[in-house]
Amino acid sequence: MPNDFQQLFNHLQAPEPHPGLLGAIIKRIDAERMFAVKRRFAIFSAGFFVSFFALLPVFNMMRADMVQSGFAEFFSLLFSDIGMVAVYWQNFSITLLESLPAASIAAFLATVFVFLGSLRFITRDMK
């Protein structure tokens, strides 16, 4: 019985693809690629504009938190009384770190990174 199948398959011809099949496949791949680029461009453009308009309020929030926590006053001692800072540098550095508004700085840096990352992807997709 396997010999019969082998003879049967030897006499069958392989089907030939449609002559325009390769062109249709390439055209579909290009259309999908353009759709993906447009979608990625839209997403990163939205991220760019949101982060652009959020930069100023987040910066103002960070600045207000620095003033409220006393970080600005402690930091200004570096420029006004460097001798006292040099003598008590360990206590000064701990005080400076304790008064640092980490959440506000993290929010500001996240906004800046989203802004710059979106800008990078937008310029890459524009090419």
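For the structure itself, consult the block above.
Quantities reported herein were computed from a predicted structural model and do not represent experimental measurements.

A. Here's a closer look at a nonpolar patch on the surface. On the surface, Leu21, Leu22, Ile25, Ile26 and Ile29 cluster together into a nonpolar patch covering about 450 Å² of accessible area. Counting through the fold element by element, Ile26 comes out in helix α2 (residues 21–69).

B. The packing of α2 against helix α6 (residues 102–126), seen in detail. For the pair α2 and α6, the least separation of the axes is 7 Å and the interaxial angle reads 155°. For the element pair α2 / α6, the angle class is roughly antiparallel. With respect to the hand of their crossing, α2 and α6 are arranged in left-handed fashion. A per-class count over the contact of α2 with α6 returns 22 nonpolar, six polar and four charged.

C. Representation of the side chain of Ser118. Within the secondary structure layout, Ser118 lies in helix α6. Aside from chain neighbours lying at most four places away, what touches Ser118 is Phe44, Gly47 and Phe48.

D. The arrangement of the packing of aromatic side chains in detail. By the definition in use, this model includes nine aromatic pairs. Relative to Phe49, the ring of Phe48 lies with its centre 5.3 Å away and its plane at 75°, an arrangement referred to as edge-to-face. Between Phe59 and Phe108, the aromatic rings sit 5.7 Å apart at their centres with planes inclined by 55°, giving tilted as the arrangement. Note that Phe59 is positioned in helix α2 and Phe108 in helix α6, a separation of 49 residues in sequence. With relative accessibility at 35%, the residue Phe59 sits in the partly exposed group. One aromatic cluster in this structure is built from Phe48, Phe49, Phe52, Phe53 and Phe115. Over the aromatic face of Phe121 sits the side chain of Arg120, whose NZ or CZ is 4.6 Å from the ring centroid.

E. Representation of the nonpolar core. Membership of the largest hydrophobic core is limited to seven residues, which are Phe48, Leu55, Val58, Met62, Phe108, Phe115 and Ile122. Elements supplying a minimum of two residues to this core: α2 and α6. Take this core: its biggest share by element is four residues, from α2. Excluding residues that lie within four positions of it along the chain, Phe115 makes contacts with Phe48, Ser51, Phe52 and Leu55.

About the thresholds
Residues numbered from 1 in each chain as written. Predicted model: local features only at pLDDT ≥ 70, side-chain atom pairs only at ≥ 80, totals over all residues. Heavy atoms only, no water. Patch = residues over 30% accessible without salt bridge, like charges linked within 9 Å, V, L, I, M, F, W, Y side chains within 5 Å. Areas by Shrake-Rupley, 256 points an atom, 1.4 Å probe, with all protein chains shown as cover. Salt bridge = Lys/Arg side-chain N within 4 Å of Asp/Glu carboxyl O. Helix = DSSP H or I, 4+ residues; strand = E, 2+ residues; numbered from the N terminus. Axes fitted to C-alpha atoms, helices over the stretch in contact; angles between N-to-C directions. Parallel < 35°, antiparallel > 145°, perpendicular 65-115°, else oblique. Left-handed = near helix turned anticlockwise from the far one by under 90°. Nonpolar A, V, L, I, M, F, W, Y, C, P; charged D, E, K, R; others polar. Contact = heavy atoms within 4.5 Å. Phe/Tyr/Trp six-rings, centres within 6.5 Å; stacked < 30°, edge-to-face > 60°. Buried < 20%, exposed > 50% of the residue type's maximum accessible area, 1.4 Å probe, protein only. Lys NZ or Arg CZ within 6 Å of the ring centre and 35° of its normal. Core = buried A, V, L, I, M, F, W, Y, C linked by side-chain atoms within 4.5 Å.

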